[in-house]
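Residue-level listing of the chains:
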Amino acid sequence: MSTERYNAKTVEPKWQAAWDDAQVFKAERDTREKYYVLEMFPYPSGRIHMGHVRNYTMGDVVARYKSAQGFNVLHPMGWDAFGMPAENAAMEKKVHPGDWTYKNIDDMRTQLKPMGLSIDWSRELATCDPEYYGQQQAMFIDMMEKGLVYRKEAVVNWDPVDMTVLANEQVIDGKGWRSGAAVERKELTQWFFKISEYSEELLEAIETLNDWPEKVRIMQANWIGKSQGLQFRFDTIGAPEGFEALDVYTTRPDTLYGASFAAISCDHPLAKALEAKNTELAAFNADCRKSGTSEEELEKAPKLGFDTGITVTHPFHTDWKLPVYVANFILMGYGTGAIFGCPAHDQRDLDFARKYDLVVTPVVCPEDQDPDDFTVGDEAYVGLGRMINSDFMNGMTIDAAKDAAINKIADLGRGAGKTQYRLRDWGVSRQRYWGCPIPVVHCETCGIVPEKKENLPVELPKDVNFETPGNPLDRHPTWRDVACPKCGKPAKRETDTMDTFVDSSWYFARFTAPRADTPTVKEDAEYWMNVDQYIGGIEHAILHLLYSRFFARAMNITGHLPQKAIEPFNALFTQGMVTHETYSTPGPDGRPVWRTPDEVRFAENGAVLIETGEPIDVGPMIKMSKSKKNVVDPEDIIDQYGADTARWFVMSDSPPERDVEWTASGAEAAWKHLQRVWRLTAELLENDETTKSNADLEKDLTKATHRCIDEVTRGIEEFAFNKSVAALYQFTNVVAKSKADGAAKRQALLTMSQLMQPMTPHLAEEVWQAMGGKGMVAEAAWPKANPDLLVDDTVTLPIQINGKRRDEIEVPADLAKNEIEKLALENAAVQKALDGGSPKKIIVVPGRIINVVV
RNA sequence: GCGGGCGUGAUGGAAUGGUAGACAUACCGGACUUAAAAUCCGGAGGCCGUAGCGCCGUGCGGGUUCAAGUCCCGCCGCCCGCACCA
């Protein structure tokens, strides 16, 4: 017997060429029902990684499956091509960010194509193409016209040595990553999208996103952060002119009688006003401002306060005075940037009060406690209860007290109930080169003037250098100086570019008409939108998805998307990450030097660096990332085993939503299995006629086939590809062991190749062809399971006694409940347990279980 | 700090509230081979020496239920996000 080995190296390119020639994956509008499947597009780092392989294989499984079901499938690919890494490369390697990026795109396309994805490559786009970002500029101008864009002052991280703005990522322990200088906060006038105006709408519409993961919907809702509260005014004593009142916002107006201090942010106008005369406060504020701008950093910092000496009077009792502190944990961006502190019922306030020795008065008492004895120690009480120590509110529930307090404040004319959102407007200004230029001109006469549409795209100048830190656009000799589009006088271009999140907030719409000279084309958007299935990492659960949802609404307002597309993603699947251990050696400055897995060897006494033998610190299993170098190169796997093996492996074992840990042995196992499938095929080709027909055996094989169809189909439908793979493993065992005749086995393998096609398309074509399938399996219709073949005549039912499994009986599948009960009571184990008595209770779940309670 | 998630054999994992560990990896044994690889067949959660109709077992502690990996409450650990990383 000469069973040839399956050779992926020759087979895979052959079928890829065949698909290309037949244009199998080209998507054109037609009369069929469409299906748009999209994976989050990659940043062109230069190498694909296992996360990409997993992401795009998942999408490909869905695309091929839907196509087999008769849908007109759109499955495109593009590049999220603007961003900081290109500028870093420019600084480090003295290459132009554009050259670097396009080279990376070429490299990654070259690595991606051998995966055999069912992508319509004619729709490929890159966000750094003027063809793309020019349309983005047009939309920016449309959004300006509709009042969706404005400018305001906002803080950035400022590196005083490099004289440049830093991203949060570039601030390490409060210092600039290159200069090492202590980072300062600096206010700049920046461009914003009015996303916060859509807070309520974005929140309410979450309920319509039925096919999104619950966790993402919760995270988005919490991010928008709607709260009902009270905004009211304190009267101040001893404050500078203009600050006779201090507005605060609270979600706990019920606790007003527990107030013991007021606190304002160091960026609050009052804090700034006080700085001038109070050097100590100025120093304190400066200290506060030294921390980065990230919310995480602010909230984690030890609570610090500075007593301003100013007091405010309690709104309900004007002779009751509260001190006003500047505190480092108050965010200027939320509410009014000022609060009142009720230590007994807020942990942060309590920590603060203990530190500065302020009064702690409980005003909510749990129902099961005596109000006279109830005190608060080191833990604030945040649960339910009745009001105490609260004058007119005493005895009320929290909710009733909230209403009462708000009404009283309103009666006093000091404020009103207010709905507040945590969501802030979207700052899109970036003081960087490698991004989409904001298409406006600053004219001394006309002010801010949008560029004329016919002058778009405002292209990035090519002649820039990165020798000096900062934004090269800012110091470009000619690009910056232009004539005002309105009056023609000398003016200056805006040198800020857009946040790369803008680029990724509408690419899904652009894919429906990627070459159009308008952002979208009505008919195409109408036909292809929405994305039926969107697939990507959980790390994008909030920002990217929320921005995209906002952008779709904005594009509807500006006429670039139909109303039905304001929620652009019908179904969302968030895949887990591909993780790997990290490896590092200590660097000269004490910071770890990260090492790639192929720089590391595992010896008996632990991991060592191959080059020098130095010991390696093995870090935890974390998301594969370039910065930590814990990356495995899929190209090596594809080289060694072929794309089908890589695809089969990433679909095996781990449920798609969970993290998967890369292992070499897993790839080996996948390869062995694919070889086995081919061996079965090849053996059958040679021995087809030798086996004799046997109706029972053939029926068994047919039943196994239909069970497999059912399980694989359900697995794909419910995004449990690992279960589909397991069903195929099992089915392969059945086929291998079956003694059914050649024709029956041939049929089983034809079906198997159809079921494997979404995961391992090349091998599937080869098996399909060998078994005499018509045309290409990529174009064959998905098999249907015959329900009659899925049920067995008899079932085995476990018998439990008091919930513990003691025996089992085999009964006809359609046996009536009372008959099963009768049989169960006759069972020896049950008889023994009953010991002559009668059962207390007997539960029969047909097809499942019998439980006898004695 | 805040928000969200996850936790099952040596390992990845399976299990509409109904036989926990399907399927796979690693491991052990056998067949084939001069030998190895490959392939095929078989074994296997733990404990009790053997043995049973035995006991224990889904991060930890409680609870609901005839029945809990699954539902509820409280912990612990790990991971993701926190608005200028993409």
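First, a word on what this report is: a plain description of the structure on this page.

Criteria and cut-off values
Residues numbered from 1 in each chain as written. Chains lettered and ligands numbered in written order. Predicted model: local features only at pLDDT ≥ 70, side-chain atom pairs only at ≥ 80, totals over all residues. Heavy atoms only, no water. Near = heavy atom within 4 Å. Polar contact = N/O pair within 3.5 Å; in protein donor to acceptor, adjacent residues only side chain to side chain. Helix = DSSP H or I, 4+ residues; strand = E, 2+ residues; numbered from the N terminus. Pairing = 2+ DSSP bridges. Axes fitted to C-alpha atoms, helices over the stretch in contact; angles between N-to-C directions. Contact = heavy atoms within 4.5 Å. Core = buried A, V, L, I, M, F, W, Y, C linked by side-chain atoms within 4.5 Å. Buried < 20%, exposed > 50% of the residue type's maximum accessible area, 1.4 Å probe, protein only. Salt bridge = Lys/Arg side-chain N within 4 Å of Asp/Glu carboxyl O.

Among the 68 residues in the neighbourhood of RNA strand B, the closest are listed as Asn168, Arg432, Lys723, Lys832 and Asn851. A distance of 3.0 Å separates a base nitrogen of RNA strand B from a polar backbone atom of arginine 422. Considering each element in turn, the surface near RNA strand B owes the most residues, seven residues, to helix H21 (residues 721-737).

The subject of this paragraph is the sheet that holds strand E1 (residues 34-39). What the four strands build is an open sheet, ordered E2-E1-E26-E27; its pairing is parallel. Of all the strands in the sheet, the pair left with one neighbour each is strand E2 (72-74) and strand E27 (572-575). Here the average twist between neighbouring strands, direction ignored, is 20°. Note: E1 against strand E26 (residues 533-537), three bridges, orientation parallel. Pairing of glutamate 39 across the sheet is with isoleucine 535, part of E26. Its contacts with the sheet place helix H2 (residues 50-68) against E1, E2, E26 and E27, and it is angled at close to 175° to E1.

Another aspect to go through is the sheet that holds strand E37 (residues 804-812). The strand order across the open sheet formed by four strands is E37-E36-E39-E38, and the pairing between neighbours is mixed. Because the sheet does not close on itself, it has two edges, and the strands there are E37 and strand E38 (841-845). The average angle at which neighbouring strand axes cross in this sheet is 20°, direction not considered. Bridging between strand E36 (residues 794-801) and strand E39 (residues 849-853) involves three bridges; their strand directions are parallel. Looking at the pairing, isoleucine 801 lines up with valine 852 of E39.

Take the nonpolar core next. If you look at the biggest cluster of nonpolar residues, it comprises 163 residues, and the most contacted ones within it are Phe193 and Phe551. In contact with phenylalanine 193, other than residues within four places in its own chain, are Phe140, Met143, Leu148, Val149, Asp425, Trp426, Val428, Val502, Phe550 and Phe551. Ranked by size, the runner-up nonpolar core spans 38 residues in total, among them Phe243, Phe284, Phe306 and Ile406.

The next thing to look at is the pattern of salt bridges. Using the criterion set out here, one finds 43 salt bridges in the structure. Between aspartate 499 and arginine 430 there is a salt bridge, and its shortest N-O distance comes to 3.2 Å. Taken together, the positions of aspartate 499 in the loop between strand E25 (497-498) and helix H13 (500-503) and arginine 430 in strand E20 (residues 429-430) put the pair 69 residues apart, joining distant regions of the chain. Of the residues examined, arginine 430 reaches a relative accessible area of 24% and is grouped as partly exposed. Residues joined by salt bridges that share partners form a network here, namely Arg185, Asp267, Glu275 and Arg289.

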